[in-house]
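Chain and residue survey
One-letter residues, chain by chain:
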Amino acid sequence: MLDNVPNMRDQFTKFNACQSNDDLKRDAGFLKQVQKIIGGLGSLVDSLNDPGQLQASLERLAAVHLNFIPSVSVEFFEPLERKINIFIEQTLRVDNNSAESKAWTRLIGTFNRVLKEQTLQQIGISDRDRKALGSSRKLLTTGEDGVRRTGISLVLWMFNNILNVRDRFTRFNPNQPDDALKADPKFLKQVDVTI
Ligand code: HEM
């Protein structure tokens, strides 16, 4: 992996992963890491007959890597998915159409899908944000014509507060006074699209 996954060596802090491979083989920190990786792969293979357990193992392994700072994400595991077959083929002396080689590629591929999903959830919206967005949208848009009213004030607010936004519009004259804009059907169309 260290030889085949770009920049993987730079991610380790508990041992010097940039030593020669011979030195690494004698390094206690490296050997400890090897045990962890082998253990992690073992936990996946051992749970293959138990989908719930397999999912839990995949999620745990994904969360562990995503939570490192800096996180270890698909930028490392995708190259691993692309190349793991080569290791299997060389080590087991099987060809690249073999069931073994394909199965390992698929296992890492499955892991990558879990990793991607968790990455999305992590950079996505927390439950707290979700609630705050939902309730404030309700407040902003209730009442007669609430959506349109909020839309007009939001777009006018943007025009007056965000540099150069106003000048981007060409289908109506964005430099009219606010009151004239409010009466301009093309401006109102823009409001509806924005909101
Ligand atoms: C399928 C392959 C892999 C498995 C099964 C695996 C498994 C593990 C496990 C079990 C740990 C220990 C987690 C803990 O301390 O709780 C770990 C740590 C770590 N893994 Fe992986 N790993 C894999 C591939 C990779 C790759 C491709 C990278 C690329 C950078 C990576 C980077 C790390 C790092 C930086 C740590 C933290 C080491 C430390 O304690 O400083 N792993 N890995």
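Computed from a predicted structure; not experimentally measured.

How each quantity is defined
- Residues numbered from 1 in each chain as written.
- Predicted model: local features only at pLDDT ≥ 70, side-chain atom pairs only at ≥ 80, totals over all residues.
- Helix = DSSP H or I, 4+ residues; strand = E, 2+ residues; numbered from the N terminus.
- Contact = placed C-beta atoms within 7 Å.
- Expected span 1.5 Å × (residues − 1).
- Bend = angle between axes of the 7 residues up to and from the residue.
- Buried ≥ 20, exposed ≤ 12 C-beta atoms within 10 Å, placed from the backbone.
- Near = placed C-beta within 6 Å.
- Nonpolar A, V, L, I, M, F, W, Y, C, P; charged D, E, K, R; others polar.
- UniProt positions renumbered as here; feature names shortened; annotations may be inferred.
- Axes fitted to C-alpha atoms, helices over the stretch in contact; angles between N-to-C directions.
- Parallel < 35°, antiparallel > 145°, perpendicular 65-115°, else oblique.
- Left-handed = near helix turned anticlockwise from the far one by under 90°.
- Core = buried A, V, L, I, M, F, W, Y, C linked by C-beta atoms within 7 Å.

It is worth spelling out the overall build of the chain at this point. A count of helical and extended segments in the chain gives 9 helices and 0 strands. Walking the chain from its N terminus toward its C terminus, one meets helices and strands in the order α-α-α-α-α-α-α-α-α. Judged by the C-alpha coordinates and their principal axes, the chain covers about 75 × 40 × 35 Å. Sequence separation of at least 24 residues holds for 47% of the intrachain contacts in the chain that already meet a minimum separation of 6.

This paragraph deals with helix 4 (residues 74-92). With 19 residues, helix 4 ought to run about 27 Å at 1.5 Å a step, and its terminal C-alpha atoms sit 26 Å apart, in line with that. The largest bend along helix 4 reaches roughly 45° and is located at Lys83. The set of residues buried in helix 4 consists of Phe77, Leu80 and Ile84. One or two positions beyond helix 4, positive phi appears at Arg93, with a value near 55°.

Lining the immediate surroundings of the ligand are 20 residues, of which Met8, Gln11, Lys36, Gly40 and Phe76 lie closest. Among the elements of the structure, helix 2 (28-46), helix 3 (51-67) and helix 4 are those that each provide at least two residues to the shell around the ligand. Looking at the shell around the ligand, the element that brings in the most residues is helix 2, giving 5 residues. Of the residues that constitute the shell around the ligand, the class distribution is 13 nonpolar, 5 polar and 2 charged.

With that settled, the discussion passes to the UniProt feature "domain: Globin" (unreviewed entry) in the chain. Under the local residue numbering, the UniProt record ascribes the feature "domain: Globin" (unreviewed entry) to residues 1-120. Split by type, residues 1-120 is 68% helix and 0% strand. Its first and last C-alpha atoms lie 25 Å apart.

For any two helices packed against each other, the geometry is given by the interaxial angle and the distance between the axes. Where helix 3 contacts helix 5 (residues 99-123), the axes come no closer than 9 Å and their chain directions differ by 55°. Put simply, helix 3 runs oblique to helix 5. Helix 5 is crossed by helix 3, and the crossing has right-handed handedness. Seen from helix 3, the contacting residues are Leu58, Glu59, Leu61, Ala62, Ala63 and Leu66; seen from helix 5, they are Thr110, Phe111, Val114, Leu115, Gln118, Thr119 and Gln122. Split into classes, the residues belonging to the contact of helix 3 with helix 5 amount to 8 nonpolar, 4 polar and 1 charged.

Backbone phi values are negative for most residues with the exception of glycine, while trans is the configuration of most peptide bonds. The omega torsion across Ile69 and Pro70 is -5°, close enough to zero to call that bond cis. With respect to the helices and strands, Pro70 occurs in the loop between helix 3 and helix 4. Positive phi values are uncommon outside glycine, yet Arg93 reaches one of about 55°. Tracing the backbone through its elements, the reader meets Arg93 in the loop between helix 4 and helix 5. Accessibility expressed as a C-beta count within 10 Å gives 8 for Arg93, which makes it exposed.

Among the nonpolar cores identified, the biggest contains 8 residues, and these are Leu58, Ala62, Phe77, Leu80, Ile84, Trp104, Phe111 and Leu115. Within the residue set of this core, elements represented by two or more residues are helix 3, helix 4 and helix 5. Membership of the second largest hydrophobic core comes to 5 residues, among which are Val155, Leu181, Phe187 and Val191.

A separate point is the environment of Asp95. Along the polypeptide, Asp95 turns up in the loop between helix 4 and helix 5. Sequence separation of Asp95 and Phe111 is 16 residues, and the distance between their C-alpha atoms is 23 Å.

Their axes nearest at 9 Å, the elements helix 7 (residues 146-161) and helix 9 (residues 185-194) cross at an angle of 100°. It follows that helix 7 is roughly perpendicular to helix 9 by the angle criterion. In this structure, helix 7 uses Arg148, Gly151, Ile152 and Val155 to contact helix 9, whose residues at the interface are Gln190, Val191, Asp192 and Thr194. Tallied by class, the residues present in the contact of helix 7 with helix 9 amount to 3 nonpolar, 3 polar and 2 charged.

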